[in-house]
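# Secondary and tertiary structure notes
Spelled out, the chains give:
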Amino acid sequence: MNDVDDDAGDTEAASALISDRFISLLQQRFAPGIAAILMYGSWLRGKRDTILDFYVLLDDYDAFDKPVHAWANRALAPNVYHVTTQSDGKQYAAKYATLTLSALEKANRHAFHSYFWARFAQPMTLVYAQDSATAERVTQTLQDAGKRMINETVALMPAEFSTQELWTQAMA
């Protein structure tokens, strides 16, 4: 392997370490009430000069240690929070949004506004699931979000269109 490949491997290993650190922080913060964690956004797509983006899917809002946060999420989910960590003297930041898995499933099926079903149709990685049944539920929910986004967007398209045009309209 040449030096360039070694550097790329080191960079990916460091990136994995940073994302793993955030995942561990989130698991500790919400244990045992965390159903799943999804990673999305620029970091997932390889951009390293940005914050990491996560969705923390909870079993119930009682996973919050402060009742005010549980109340705020029940009233208007998702709520977005910020967390930082350090690695090799550098500070890294992440944002994470919280909602219950059942609220996400319901929003994908019934919400008029595209916030949930369009957002969850974008590339995401399931980085943690409490068990295989939860992983299956999350995977199905993401697939449903993609189907809903396409179905809602097709109604806005002309009789003939390209895949690129469909995705551009969907994300507009």
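Scroll up for the structure.
A brief look at the structure comes next. Counting of residues starts from 1 at the beginning of each chain's written sequence and follows it residue by residue. Residues qualify for local features only when their pLDDT is at least 70, as the model is predicted, and side-chain atom pairs are given and counted only at 80 or more; totals for whole chains, interfaces and linings, by contrast, use all residues. To get the side-chain values, all heavy atoms of the structure are used, and hydrogens and water are removed first.

Another aspect to go through is the overall build of the protein. Helix and strand definitions here come from DSSP, where helices need a minimum of 4 consecutive H or I residues and strands a minimum of 2 consecutive E residues; each element is numbered from the N-terminal end. Counting secondary structure elements, the protein contains six helices and five strands. Listing every helix and strand of the protein by position from the N terminus yields α-β-β-α-β-β-α-α-β-α-α. Taken over the C-alpha atoms alone, the protein extends approximately 55 × 50 × 30 Å along its principal axes. Across the 172 residues of the protein, 39% fall into the buried class. Carbon and sulfur atoms provide 53% of the accessible area of the protein, an area that totals close to 10000 Å². Charge counting follows a simple rule: Lys and Arg are positive, Asp and Glu are negative, and His as well as the terminal groups are ignored. Throughout, a charge is located at the NZ atom of Lys, the CZ atom of Arg, the CG atom of Asp or the CD atom of Glu. Here the protein contributes 15 positively and 21 negatively charged side chains, and the mean placements of these two sets differ by 9 Å. Working definition: with a 1.4 Å probe on protein chains only, accessible area under 20% of the residue-type maximum means buried, over 50% means exposed, and in between means partly exposed. Note on areas: these come from Shrake-Rupley sampling with a 1.4 Å probe, and a residue is covered only by the protein chains present in the view.

Bringing the environment of Arg48 into the picture now. Of note, Arg48 is situated in the loop between β1 (34-40) and β2 (52-58). Arg48 sits 33 residues away from Ser15 along the chain, and the two C-alpha atoms are 7.8 Å apart. Residues contacting Arg48, with those up to four places away along its chain left out, are Glu12, Ser15 and Trp43. Side chain to side chain, Arg48 and Ser15 meet in a polar contact 2.7 Å long. Contact between two residues is taken to exist if any of their heavy atoms lie within 4.5 Å; hydrogens are not considered. Think of a polar contact as two N or O atoms within 3.5 Å of one another; within protein, one of them needs to be a possible hydrogen donor and the other a possible acceptor, and neighboring residues in sequence only count if both atoms come from side chains.

Turning our eyes to something else, we now look at the sheet that holds β2. At least two bridges found by DSSP between two strands is the condition for calling them paired. The strand order across the open sheet built from five strands is β3-β4-β2-β1-β5, with neighbouring strands paired in mixed fashion. Of all the strands in the sheet, the pair left with one neighbour each is β3 (79-87) and β5 (124-129). Across this sheet, the average inter-strand angle for adjacent strands is 30 degrees, counted without regard to direction. Here seven bridges tie β2 to strand β4 (residues 90-100), and the two strands are oriented parallel to one another. Along β4, the bridge assignment pairs Val56 with Thr98. In this fold helix α2 (residues 67-75) packs onto β3 and β4, with an angle of close to 130 degrees to the strand it touches most, β3. The strands touched by helix α5 (residues 132-154) are β1, β2 and β5; relative to β1, the strand with the most contacts, the crossing angle is about 45 degrees. Lines are fitted to the C-alpha atoms to define the axes, a helix being fitted only along its stretch in contact, and any angle between axes, read from their N-to-C directions, falls within 0 to 180 degrees.

Let us look at a nonpolar patch on the surface. A patch consists of residues whose relative accessible area exceeds 30% and which take part in no salt bridge; residues with like charges are grouped when within 9 Å of each other, and nonpolar side chains (Val, Leu, Ile, Met, Phe, Trp, Tyr) when within 5 Å. Here, a salt bridge means any Lys or Arg side-chain nitrogen found within 4 Å of an Asp or Glu carboxyl oxygen. The grouping of Ile150, Val154, Phe161, Trp167 and Met171 at the surface amounts to a nonpolar patch, some 400 Å² of accessible area in total. Summarising the element assignment, Phe161 is placed in the loop between α5 and α6 (163-171).

For the structure shown, the criterion picks out five salt bridges. Lys95 is paired through a salt bridge with Asp53; the nearest N and O atoms lie 2.9 Å apart. Placement of the pair is Lys95 in strand β4 and Asp53 in strand β2, with a sequence separation of 42 residues. For Asp53, a relative accessible area of 7% translates into the label buried. We note a salt bridge from Asp60 to Arg74, for which the minimum N-O separation is 3.4 Å. Taken as a pair, Asp60 in the loop between β2 and α2 and Arg74 in helix α2 lie far apart in primary sequence, 14 residues in all. With relative accessibility at 34%, the residue Asp60 sits in the partly exposed group. Residues joined in a network through salt bridges with shared partners are Asp60, Asp62 and Arg74.

Our focus in this paragraph is the packing of aromatic side chains. What counts as a ring pair is set by centres within 6.5 Å for rings of Phe, Tyr and Trp (its six-membered ring), and what kind of pair is set by the plane angle: stacked under 30 degrees, edge-to-face over 60, tilted for all other angles. Under the definition given, this model contains nine aromatic pairs. Centre to centre, the rings of Phe30 and Tyr96 are 6.0 Å apart; their planes meet at 75 degrees, and the pair counts as edge-to-face. With Phe30 in helix α1 (residues 3-30) and Tyr96 in strand β4, the pair connects residues that are 66 residues apart, well separated along the chain. We note that Phe30, like Tyr96, is buried.

Just geometry here; none of it tells us what the structure is for.
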